[in-house]
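Coordinate analysis (summary)
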Amino acid sequence: MRDDPVVVALVAGARDGSKAAWDELVERYAPLVYSICRRFRLSEADTDDVGQTVWLRLVERLSSLREPAALPGWLATTTRRECLAVVRATRQRELREGPVDSEIGVDAAEIDRALLEDERDAVLRDAFAELSDRCRVLLSYLLEDPPVTYAEIARRLGMPVGGVGPNRDRCLKRLRRCPSLAALIGSAADTVEGGEGHDKSVVER
Amino acid sequence: MTSQWWSDDDRLLSALGSALRAAHAVPDRFVEAGKAAYAWHNIDAELAALTYDSRRESPQDALTRAEPAPLRAMTFAASGLTIELHVSNEALVGQLVPEQPGHVELHQPDGLIRTADADEIGCFAFRPLPAGSFRLRCHTDSGRDVLTGWISL
């Protein structure tokens with residue numbers, strides 16, 4: 001995977017003592033850790049425990065993290081492992097307290113699929129965070145629910161109505177160009193297409 | 001082939017929308033706890049590595065056993081100092097090896113610290129068992145400062 005310079009810089013900053021860099025890493029990736037805990041249907045208390053364990057492990061790993069760009073994957077794997085430990089411990093406790101359903105309660109294959117979505121979401125948020133303010137605002141308007149008309153967006157941004165569409169295209173093009181997203185799309189396209197096909201074009205612009 | 005989330009701008013925008021909505025669902029306290037973990041960065045103590053954990057030896061047993069809580073044993077090792085831990089229902093009991101007196105701190109992620117003295121043969125105990133995860137920091141009278149990894153019982 002190509003290095004995302006922003007993530008690499010944040011990891012380096014946190015390693016060198018910047019609390020601000022650490023805080024930004026946590027803000028970026030807390031949603032990833034949290035959503036994985038939800039996939040395992042952990043209680044709020046267990047979710048907090050897993051979160052703490054994962055961040056504490058990352059603090060210790062900062063100096064030895066060889067590929068900072070692989071951080072989302074590392075966080076997902078670590079969170080998944082901690083969640084499984086909680087699920088096992090809960091199961092053990094339930095067995096001690098009496099007979100329970102034989103189901104473990106979570107479907108591993110379903111969770112693995114969901115984890116890929118969670119990692120994808122994290123990469124999309126990374127790419128979004130690295131856009132210009134103007135692009136972030138425009139895309140946020142476009143994502144409002146209920147939807148806002150182009151005319152209203154144009155009014156808010158003080159641009160002609162005809163400018164919204166082209167700006168949207170430009171911002172999404174920049175989003176695709178963010179290194180970690182480009183790499184993710186590239187590898188996903190390889191998986192789908194067997195390494196060739198029209199989808200490749202989107203990552204090479 | 002079926003259309004993918006990156007195939008066109010509409011799909012990409014909608015994937016971005018769901019990613020951003022997922023981030024809004026995260027409670028503030030979850031994020032704040034993560035930020036607080038940085039307090040453990042660059043702690044000036046030797047790290048002791050987990051060299052034995054009875055639970056790791058028999059994960060399958062742990063999954064299916066229906067008896068009361070099994071005893072768990074762990075060993076953490078730094079150069080020249082080993083920390084042996086035994087867990088029962090009531091207490092966390094440990095010993096510094098080689099046998100020596102000292103002072104042991106039990107740190108919890110929320111910043112809470114409990115302390116216990118290690119006697120002349122290095123034995124110490126924490127009652128009741130800590131809830132949640134914790135780590136031990138051992139100061140020996142000879143001047144060693146050794147920290148275990150995080151432990152969840």
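Keep in mind that what you see is a predicted model, and the values were worked out from it rather than measured. (Residues numbered from 1 in each chain as written. Chains lettered and ligands numbered in written order. Predicted model: local features only at pLDDT ≥ 70, side-chain atom pairs only at ≥ 80, totals over all residues. Heavy atoms only, no water.)

So, about the overall build of chain B. Per the secondary structure count, chain B includes four helices and ten strands. The linear arrangement of helices and strands in chain B, starting from the amino end, is α-α-β-α-α-β-β-β-β-β-β-β-β-β. Across chain B, every contact between residues at least 6 apart in sequence was considered, and the portion connecting residues at least 24 apart equals 49%. (Helix = DSSP H or I, 4+ residues; strand = E, 2+ residues; numbered from the N terminus. Contact = heavy atoms within 4.5 Å.)

A few words on the pairing of strand β9 (residues 145–148) of chain B. Residue and element names in this part refer to chain B. Here β9 shows two buried faces, one formed by Asp145 and Leu147 and the other by Val146 and Thr148. For strand β1 (residues 46–53) and β9, the ladder comprises three bridges, and the chain directions are parallel. Across the sheet, residue leucine 47 finds its bridge partner in β9, namely leucine 147. Where strand β8 (residues 133–140) folds back onto β9 in an antiparallel hairpin, the turn is made up of four residues, including glycine 143, whose phi is positive at roughly 105 degrees. (Buried < 20%, exposed > 50% of the residue type's maximum accessible area, 1.4 Å probe, protein only. Pairing = 2+ DSSP bridges.)

This part takes up the nonpolar core. Trp22, Tyr29, Leu42, Trp55, Leu58, Leu71 and Leu75 of chain A are the most contacted members of the largest nonpolar core, which totals 44 residues. Among the secondary structure elements, those contributing two or more residues to this core are α1 (5–15), α2 (19–39), α3 (44–61), α4 (71–97) and α5 (108–129) of chain A together with α2 (28–36) of chain B. Sort the elements by how many residues they give to this core and α2 of chain A lands first, with eleven residues. Setting aside residues no more than four positions away along its own chain, tryptophan 22 of chain A makes contact with Ala14, Trp55, Leu58, Val59 and Leu62 of chain A together with Gly34, Lys35, Ala37 and Tyr38 of chain B. (Core = buried A, V, L, I, M, F, W, Y, C linked by side-chain atoms within 4.5 Å.)

Turning our attention to the packing of α3 of chain A against α2 of chain B. Two elements in contact, α3 of chain A and α2 of chain B, have axes separated by 9 Å at closest approach and are oriented at 25 degrees. It follows that α3 of chain A is roughly parallel to α2 of chain B by the angle criterion. The handedness of the crossing between α3 of chain A and α2 of chain B comes out as right-handed. In this structure, α3 of chain A uses Glu44, Thr47, Asp48, Gly51, Gln52 and Trp55 of chain A to contact α2 of chain B, whose residues at the interface are Arg29, Phe30, Ala33 and Gly34 of chain B. When grouped by side-chain class, the residues that make up the contact of α3 of chain A with α2 of chain B number three nonpolar, four polar and three charged. (Axes fitted to C-alpha atoms, helices over the stretch in contact; angles between N-to-C directions. Parallel < 35°, antiparallel > 145°, perpendicular 65-115°, else oblique. Left-handed = near helix turned anticlockwise from the far one by under 90°. Nonpolar A, V, L, I, M, F, W, Y, C, P; charged D, E, K, R; others polar.)

A cis amide bond links valine 97 of chain B to the next residue, proline 98 of chain B, at an omega of 0 degrees. For the bond running from arginine 127 of chain B to proline 128 of chain B, omega is -5 degrees, close enough to zero to count as cis. Here arginine 41 of chain A, not a glycine, exhibits a phi torsion of approximately 55 degrees, which is positive. With respect to the secondary-structure elements, arginine 41 of chain A resides in the loop between α2 and α3.

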